[in-house]
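Take a look at the letters that make up each chain.
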Amino acid sequence: MNEHALQLIEEMEEVHQNPVAAWMEHLRSRRAAGKLGREYGEAMVRELLVALSEVPEFPLARWLWNADRPHLPLYCFLRPKAEPVFRVQKIVSAPFVVMVRVEYGSSEKSQTVREKFTFTRDQVGRLRMSARERVK
């Protein structure tokens, strides 16, 4: 919890130093979250974010672990331009298999990591990662 609190304090200091850039990032995040919610449904997006947080060695898991909490707006978990960047590019959903393509890491396009995750539903209906691959 201390680590999360320190990260939040650091981000609040950045917002205080440059409120215009923070407001623009906020608008970008809200727009991206609205688009994802309309296209795939907010429940599906939240379920995928939680599944991503459970992926071993996924660097942004510490930001996504509480995405299933409905009182937290979906846009809080997306970071279109501010580092560390996190964008959901595409979701393909079938009854028992869900594929998601994400970008994360640096704000420079050439250094951004692009990965495709494939999740399958277990006996209880929870998403579990079955495949992970880097995409160019």
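Here's a quick rundown of the structure. (Residues numbered from 1 in each chain as written. Predicted model: local features only at pLDDT ≥ 70, side-chain atom pairs only at ≥ 80, totals over all residues. Heavy atoms only, no water.)

### Some remarks on the packing of aromatic side chains
- Taken as a whole and judged by the stated rule, the model has four aromatic pairs.
- Note on Phe58 and Phe86: the rings are 6.4 Å apart at their centroids and 75° apart in plane angle, and the pair reads as edge-to-face. Of this pair, Phe58 sits in the loop between helix 3 (42–53) and helix 4 (61–64) while Phe86 is found in strand 1 (residues 85–93), placing the two residues 28 residues apart along the sequence.
- Since its relative accessible area comes to 5%, Phe58 is described here as buried.
- We classify Phe86 as buried; its relative accessible area is 2%.
- Residues Phe58 and Phe117 carry aromatic rings whose centres are separated by 5.6 Å and whose planes lie at 85° to one another, so their mutual orientation is edge-to-face. Remark: Phe117 occurs in strand 3 (residues 112–121) and Phe58 occurs in the loop between helix 3 and helix 4; sequence separation between them is 59 residues. (Phe/Tyr/Trp six-rings, centres within 6.5 Å; stacked < 30°, edge-to-face > 60°. Helix = DSSP H or I, 4+ residues; strand = E, 2+ residues; numbered from the N terminus. Buried < 20%, exposed > 50% of the residue type's maximum accessible area, 1.4 Å probe, protein only.)

### Brief notes about the pairing of strand 1
- Bridge count between strand 1 and strand 2 (residues 97–105): eight bridges; the pairing is antiparallel. In the strand pairing of strand 2, Arg87 is matched with Glu103.
- The turn linking strand 1 back onto strand 2 is made up of three residues. (Pairing = 2+ DSSP bridges.)

### A word on the side chain of Asn66
- Positionally, Asn66 belongs in the loop between helix 4 and strand 1.
- If sequence neighbours within four positions are ignored, Asn66 has contacts with Leu72 and Phe77. (Contact = heavy atoms within 4.5 Å.)

### Comments concerning the pattern of salt bridges
- Going through the model one piece at a time under the given rule, you end up with 10 salt bridges.
- Salt-bridge contacts for Arg28 lead to Glu25; the nearest nitrogen and oxygen are separated by 3.3 Å. Separated by three residues within a single helix, Arg28 and Glu25 lie in helix 2 (residues 19–40), roughly one turn from each other.
- Using a relative accessible area of 33% as the deciding quantity, one classes Arg28 as partly exposed.
- Judged by relative accessible area, Glu25 falls into the buried class, the value being 12%.
- A salt bridge links Glu47 to Arg121, with the nearest nitrogen and oxygen atoms 2.6 Å apart. Residue Glu47 is found in helix 3, and its partner Arg121 is found in strand 3; the two are separated by 74 residues along the sequence.
- Judged by its relative accessible area of 27%, Glu47 is partly exposed.
- Connected through salt bridges with shared partners, the residues Glu54, Asp122, Arg126 and Arg128 form a single ionic network. (Salt bridge = Lys/Arg side-chain N within 4 Å of Asp/Glu carboxyl O.)

### As for the sheet that holds strand 1
- Read across the open sheet, the four strands follow the order 1-2-3-4; overall the sheet is antiparallel. Only two strands of the sheet have a single neighbouring strand rather than two, namely strand 1 and strand 4 (127–134). The sheet shows a mean angle of 25° between the axes of neighbouring strands, taken without regard to direction. (Axes fitted to C-alpha atoms, helices over the stretch in contact; angles between N-to-C directions.)

### Some remarks on unusual backbone geometry
- Following Glu83, the chain continues to Pro84 via a peptide bond in cis, the omega torsion being -5°.
- The backbone of Glu57 shows a phi angle near 65°, a positive value even though the residue is not glycine.
- Relative to the elements of secondary structure, Glu57 occurs in the loop between helix 3 and helix 4.
- Residue class for Glu57 comes out exposed when judged on its relative accessible area of 79%.

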